[in-house]
Amino acid sequence: MEPGPGVEYRQFEGLPDGKVLADLLRLHELVFGAGEADRMLREARNRHRLLTLVALAGQQVVGYKIGYERKPGHFYSWVGAVAPGFRRRGIASELMRRQHAWCREQGYGTIRTATKNKWRDMLILNLRHGFDIIGVYVDQQGEPKLILEKRLPR
Ligand SMILES: CC(C)(COP(=O)(O)OP(=O)(O)OC[C@H]1O[C@@H](n2cnc3c(N)ncnc32)[C@H](O)[C@@H]1OP(=O)(O)O)[C@@H](O)C(=O)NCCC(=O)NCCS
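All residue numbers here refer to positions counted from 1 along the written sequence of the relevant chain. For a predicted model such as this one, the threshold for reporting local features is a pLDDT of at least 70, and the threshold for listing and counting side-chain atom pairs is 80 or more; totals across whole chains, interfaces and linings nevertheless cover every residue. Only hydrogens and water are set aside when side-chain values are computed; all heavy atoms of the structure are taken into account.

**Examining the UniProt feature "domain: N-acetyltransferase" (unreviewed entry) in the chain**
Feature annotation in UniProt assigns "domain: N-acetyltransferase" (unreviewed entry) to the following positions: residues 7-153. Helix and strand assignments come from DSSP, with helices taken as H or I runs of at least 4 residues and strands as E runs of at least 2, each series counted from the N terminus. Each end of residues 7-153 is marked by a C-alpha atom, and these two atoms are 27 Å apart; helix forms 33% of the span and strand 39%. UniProt positions are given in the numbering used here, feature names are shortened, and annotations may be inferred rather than shown by experiment.

Shown next, in the form of structure tokens:
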């Protein structure tokens, strides 16, 4: 059975549109705060080879993961979340597995991501999926930001 019984996964090159995008943005604001959806849309416009993965329960988006090409051969896993009522069912792991499979198919050799201590669940998830911490810097809010990277098997 797929991780998260009754959950269906879909993949979009670029951002989805219509209801899927509206739902995704609502979930993004629920998790990251008001105003964050516009910020994400603005930033997404400047990105190359964006890949969006979504998890749907019924017609509802309950999880998403978005990444883009950082430079040739290198992918950046940018942002993602799972709706609070759907956590710890393996949905984020499955989104990550699908993102990595797509990246391998497309010839990417490494995936980089960045997170903060406050996104601890994501940090644990990344470490469990084979990412290494490769650096730390202090961002404009004065918070340490951890850079993680994973090499994809050929
Ligand atoms: C991080 C997040 C996406 C994880 O989603 P999820 O679907 O619950 O994750 P999974 O069920 O695939 O969890 C896989 C593993 O990650 C780890 N993990 C996930 N949530 C955890 C938690 N609350 N505490 C400890 N470990 C956790 C566990 O090892 C877990 O495996 P297990 O359930 O077999 O123990 C979700 O908690 C979330 O949306 N958090 C807020 C947003 C966020 O942090 N986004 C990233 C910002 S960079």
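Read on, since the account is not over.
**Points about the sheet that holds strand 4 (residues 74-82)**
Ordered in space as 1-2-3-4-5-7-6, the 7 strands form an open sheet in which the pairing is mixed. Two strands in the sheet have a free side with no partner beyond their single neighbour: strand 1 (7-13) and strand 6 (132-138). Across the sheet, the mean angle from the axis of one strand to that of its neighbour is 25°, orientation sign disregarded. Here, any two strands with at least 2 DSSP bridges between them count as paired. Of the strand pairs in this sheet, strand 3 (residues 60-71) and strand 4 are connected by 8 bridges, and their pairing is antiparallel. Lines are fitted to the C-alpha atoms to define the axes, a helix being fitted only along its stretch in contact, and any angle between axes, read from their N-to-C directions, falls within 0 to 180 degrees.

**Examining the side chain of Thr 115**
In this structure, Thr 115 sits in strand 5 (residues 110-116). Residues count as neighbours in contact if any of their non-hydrogen atoms are within 4.5 Å of one another. Residues within four places of Thr 115 in sequence aside, it is in contact with Met 122, Leu 123, Pro 144, Lys 145, Leu 146 and Leu 148.

**Section: unusual backbone geometry**
Non-glycine residue Arg 49 carries a positive phi angle of around 55°. In this structure, Arg 49 sits in the loop between helix 2 (36-45) and strand 2 (51-57). The class of Arg 49 is partly exposed, set by a relative accessible area of 30%. Of note, Arg 88 is a non-glycine position whose phi angle comes to about 60°, a positive value. Within the fold, Arg 88 resides in the loop between strand 4 and helix 3 (91-105). Under the scheme applied here, a residue whose accessible area is under 20% of the maximum for its type counts as buried, over 50% as exposed, and between as partly exposed, the area being computed with a 1.4 Å probe on protein chains only.

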